[in-house]
Amino acid sequence: AKSSGGDTLCFFDPIMLSIVTARATMEADIRTGIYQQQFLLYYQPQVNSAGKLIGAEALLRWQHPLKGMISPADFIPLAEESGLIIPLGTWILKTACQQLRAWSSDRQTASLTMAVNVSAKQFRQPDFVKSVLSTIEEIGIDARKLKLELTESLLVDDIEETICKMNQLKAHGVCFSLDDFGTGYSSLSYLKRLPLDQLKIDQSFVRDILIDPNDAAITRTIIGLGKSLGLAVIAEGVETEAQLAFLQSQDCHAFQGYLFGKPAPELNMLRKLVSA
Ligand code: C2E
Ligand code: CA
Ligand code: CA
Ligand code: CA
């Protein structure tokens, strides 16, 4: 490789080559992983003010045969870029709906809701609405118990198309939560146009809620905003009783975080809360 000329892009740059190779390997690994069923869903409890289980968020896990458990943060971006998030997303939705149906058919868990993360690329697919509706239909769940978590950047990308798709799903009862709220680019003017049901306070605000007055102020504002727009508000990343007490004092009534349970295989989650 020729490395003399400052900014010259060098074709055989060994570092570039190894990055490209690593990406190609991971992409192939994701393909194999889908085929060999190495992906699984964990569920994290969502609770109300009384600490009662009200639902769960499905979180993707990858049990890699050589590398062990891989965090979604480490492969979702690549799955997005490569388009593999489409088959993966289909599998996630189907699996979460099957779990939801199982809960619905048991008296103890009948009222639980299921939150599912939707990636931008997945949402932008022309047949996204059709695919969600046919999954709901085929598996036979109550659409009102399914909550799709969307992020701000996804929503603003093409607001008219977004509103149209959300409305079609809403007409069938599907709910929407705005994930990582406050970290993106939301403008209040479009927030009121979106048919949302819930705002999710990002864990980065919750983390320092008792230490950083700015985070406390942002949290208070989000809760107030939710109230004036008629939206439910849930706080994520709640780890301590003190954080919980503060959030409750600010009139937040739904919570998710390690304090109530880490993401875990379904049975662990239920054992903790339902039979308590
Ligand atoms: P997210 O949707 O914001 O999910 C919340 C993340 O916070 C999860 O990380 C969860 O395990 C973690 N968490 C929950 N409670 C606490 C807490 O009390 N303290 C701390 N420090 N962390 C907590 P995870 O499972 O590693 O997922 C990371 C991200 O990957 C998710 O962020 C989401 O953006 C993405 N992701 C996960 N599953 C899926 C999926 O099925 N589809 C898509 N498209 N994205 C997913
Ligand atoms: Ca989420
Ligand atoms: Ca989040
Ligand atoms: Ca987050």
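Provided above is the structure to which this section pertains.
Keep in mind it's a predicted model, so treat the numbers as computed, not measured.

**Q** Just give me the short version of the packing of aromatic side chains, but keep the residues and values in it.
**A** Tallied over the full model, the rule gives 6 aromatic pairs. Plain terms: the ring middles of Phe39 and Trp62 are 5.0 Å apart, the flat faces sit at 25° to each other, and that makes the pair stacked. On the criterion of sequence distance, the pair formed by Phe39 in strand β1 (residues 39–48) and Trp62 in strand β2 (residues 53–64) is long-range, its members being 23 residues apart. Accessibility expressed as a relative area gives 0% for Trp62, which makes it buried. Among the aromatic residues, those joined into a ring-pair cluster are Phe39, Trp62 and Phe75. The ring of Tyr258 carries the charged tip of Lys262 above its face, separated from the ring centre by 4.7 Å.

**Q** I'd like to hear about helix α2 (residues 72–82), residue by residue, with values.
**A** Among the residues of α2, Phe75, Leu78 and Ala79 are the ones counted as buried. Within α2, the buried residues cover an arc of 105° as seen down the axis, which keeps them to one side. For α2, the exposed residues set more than 90 degrees away from the buried face come down to Ala73 and Glu81.

**Q** An account of the coordination of the calcium ion (ligand 2) is requested, with residue identities and associated values reported.
**A** For the calcium ion (ligand 2), the full set of protein donor atoms is Glu57 (OE), Asn117 (OD1), Glu149 (OE) and Asp179 (OD), at a range of 2.2 to 2.3 Å. Read from N- to C-terminus, the donor residues coordinating the calcium ion (ligand 2) fall into the pattern E-x59-N-x31-E-x29-D. Taken as an interatomic distance, the gap from the calcium ion (ligand 2) to the calcium ion (ligand 3) is 4.0 Å; Asp179 donates to each of them. Highlighted residues: Glu57 in strand β2 and Asn117 in strand β4 (residues 113–117), separated in sequence by 60 residues.

**Q** Describe the coordination of the calcium ion (ligand 4), with residues and values.
**A** Every protein donor of the calcium ion (ligand 4) is listed here as Asp180 (OD) and Asp202 (OD), and their distances to the metal cover 2.8 to 3.1 Å. The metal-metal distance between the calcium ion (ligand 4) and the calcium ion (ligand 3) is 3.5 Å, with Asp180 serving as a donor to both. Remark: Asp202 occurs in the loop between β7 (198–201) and α9 (203–207) and Asp180 occurs in strand β6 (residues 175–181); sequence separation between them is 22 residues. Judged by relative accessible area, which is 9%, Asp202 ranks as buried.

**Q** Break down the site of ligand 1 for me, with residues and values.
**A** The environment of ligand 1 is formed by 21 residues, the closest being Gln44, Arg61, Gln203, Glu239 and Tyr258. Within the side chain of Asp180, an N or O atom sits 3.3 Å from an oxygen atom of ligand 1. One nitrogen or oxygen atom from the side chain of Glu239 is found 2.5 Å from a nitrogen atom belonging to ligand 1. Protein chains bury 81% of the 800 Å² of accessible surface belonging to ligand 1 in isolation. The element contributing the most residues to the shell around ligand 1 is β2, with 4 residues. The residue inventory of the shell around ligand 1, partitioned by class, reads 8 nonpolar, 7 polar and 6 charged.

**Q** Would you mind going over the nonpolar core in detail, with residue names and values included?
**A** Within the largest apolar cluster, 74 residues are counted, with the highest numbers of intra-cluster contacts made by Phe75, Trp103, Leu146, Leu148, Leu196, Leu199 and Phe255. Sorting elements by how many residues they give to this core places helix α3 (residues 85–104) first, with 8 residues. Setting aside its immediate chain neighbours within four residues, Leu196 contacts Met166, Phe176, Ser177, Leu178, Leu191 and Leu231.

The rules behind these values
Residues numbered from 1 in each chain as written. Chains lettered and ligands numbered in written order. Predicted model: local features only at pLDDT ≥ 70, side-chain atom pairs only at ≥ 80, totals over all residues. Heavy atoms only, no water. Phe/Tyr/Trp six-rings, centres within 6.5 Å; stacked < 30°, edge-to-face > 60°. Helix = DSSP H or I, 4+ residues; strand = E, 2+ residues; numbered from the N terminus. Buried < 20%, exposed > 50% of the residue type's maximum accessible area, 1.4 Å probe, protein only. Lys NZ or Arg CZ within 6 Å of the ring centre and 35° of its normal. Arc of directions from axis to C-beta. Donors = N, O, S within 2.8 Å, 3.2 Å for Na, K, Ca; no water. Near = heavy atom within 4 Å. Polar contact = N/O pair within 3.5 Å; in protein donor to acceptor, adjacent residues only side chain to side chain. Areas by Shrake-Rupley, 256 points an atom, 1.4 Å probe, with all protein chains shown as cover. Nonpolar A, V, L, I, M, F, W, Y, C, P; charged D, E, K, R; others polar. Core = buried A, V, L, I, M, F, W, Y, C linked by side-chain atoms within 4.5 Å. Contact = heavy atoms within 4.5 Å.

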